Amino acid sequence: QLQLVESGGGLVQPGGSLRLSCLASGFSFRAYTIGWFRQAPGKEREGISSIRSITGSTGYADSVKGRFTISRDTAQNTVYLQMNNLKPEDTAVYYCAAGLGSHGLGPAPYGYWGQGTQVTVSA
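Everything in this summary refers to the structure shown in the same document.

About the thresholds
- Residues numbered from 1 in each chain as written.
- Predicted model: local features only at pLDDT ≥ 70, side-chain atom pairs only at ≥ 80, totals over all residues.
- Heavy atoms only, no water.
- Pairing = 2+ DSSP bridges.
- Helix = DSSP H or I, 4+ residues; strand = E, 2+ residues; numbered from the N terminus.
- Axes fitted to C-alpha atoms, helices over the stretch in contact; angles between N-to-C directions.
- Buried < 20%, exposed > 50% of the residue type's maximum accessible area, 1.4 Å probe, protein only.
- Contact = heavy atoms within 4.5 Å.
- Salt bridge = Lys/Arg side-chain N within 4 Å of Asp/Glu carboxyl O.
- Disulfide = S-S within 2.5 Å.

### Overview of the sheet that holds strand E3 (residues 18–25)
Spatial ordering of the open sheet is given by E1-E3-E8-E7, a layout of four strands whose pairing is antiparallel. For this open sheet the edge positions go to strand E1 (3–7) and strand E7 (68–73), each flanked by a neighbour on one side alone. On average, each strand axis in the sheet is inclined to that of its neighbour by 15°, with strand direction left out of account. Pairing analysis gives six bridges linking E7 to strand E8 (residues 78–83), with the strands arranged antiparallel. Along E8, the bridge assignment pairs phenylalanine 68 with methionine 83.

As structure tokens, then:
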């Protein structure tokens, strides 16, 4: 059974940092692209970062470029999202997702999703 579990969310002040983790179970993510998405209330789900596990190739949305860094630990089947210089507009539920092959920041190709973890950025 394929499963993705996010962790690491919480409440931080503007300018603070968080590291999100996505643990994959039931499969090896080496053949997959792992993406991070977020959704704020009343807004569309937004793709913010992705990584192709085989090559390590990464991509970022303009809204997070230079502040967020995606990485993976293949031995632990885990993908991380290091979030620095957080802003109030980063407040959202953050999801990780997996899809076979090479994918970008659109959610449609991702067939497996985690349950989400809340990130709140507020003074």
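### A closer look at the environment of alanine 61
Inspection of the secondary structure assignment puts alanine 61 in the loop between strand E6 (58–60) and E7. The buried category is assigned to alanine 61, whose relative accessible area is 10%. Not counting the four nearest positions on each side in its chain, alanine 61 is found in contact with Glu46, Gly47, Ile48 and Leu105.

### Overview of the pattern of salt bridges
With the rule as written, the count across this model stands at four salt bridges. Linking aspartate 62 and lysine 65 is a salt bridge whose minimum nitrogen-to-oxygen distance equals 3.4 Å. Each member of the pair, aspartate 62 as well as lysine 65, carries the same accessibility label: exposed. Several salt bridges share partner residues, and in doing so they unite Arg38, Glu46, Arg67 and Asp90 into one network.

### Brief notes about the state of the cysteines
Throughout the structure, instances matching the rule amount to one disulfide. Covalently, cysteine 22 is tied to cysteine 96 through a disulfide, its sulfur atoms 2.1 Å apart. Given an S-S torsion of about 70°, the disulfide between cysteine 22 and cysteine 96 has right-handed geometry. Of this pair, cysteine 22 sits in strand E3 while cysteine 96 sits in strand E9 (residues 92–100), and the two are 74 residues apart along the sequence. Cysteine 96 sits in the buried class, given a relative accessible area of 0%.

### Considering the pairing of strand E4 (residues 32–39)
Burial of E4 is extensive: seven of the eight residues sit out of reach of the surface. Looking at chain direction, E4 and E9 are connected through eight bridges and run antiparallel. Opposite glycine 35, over in E9, you have alanine 97 as the bridge partner. Pairing of E4 with strand E5 (residues 46–52), which is carried by six bridges, proceeds in the antiparallel orientation.

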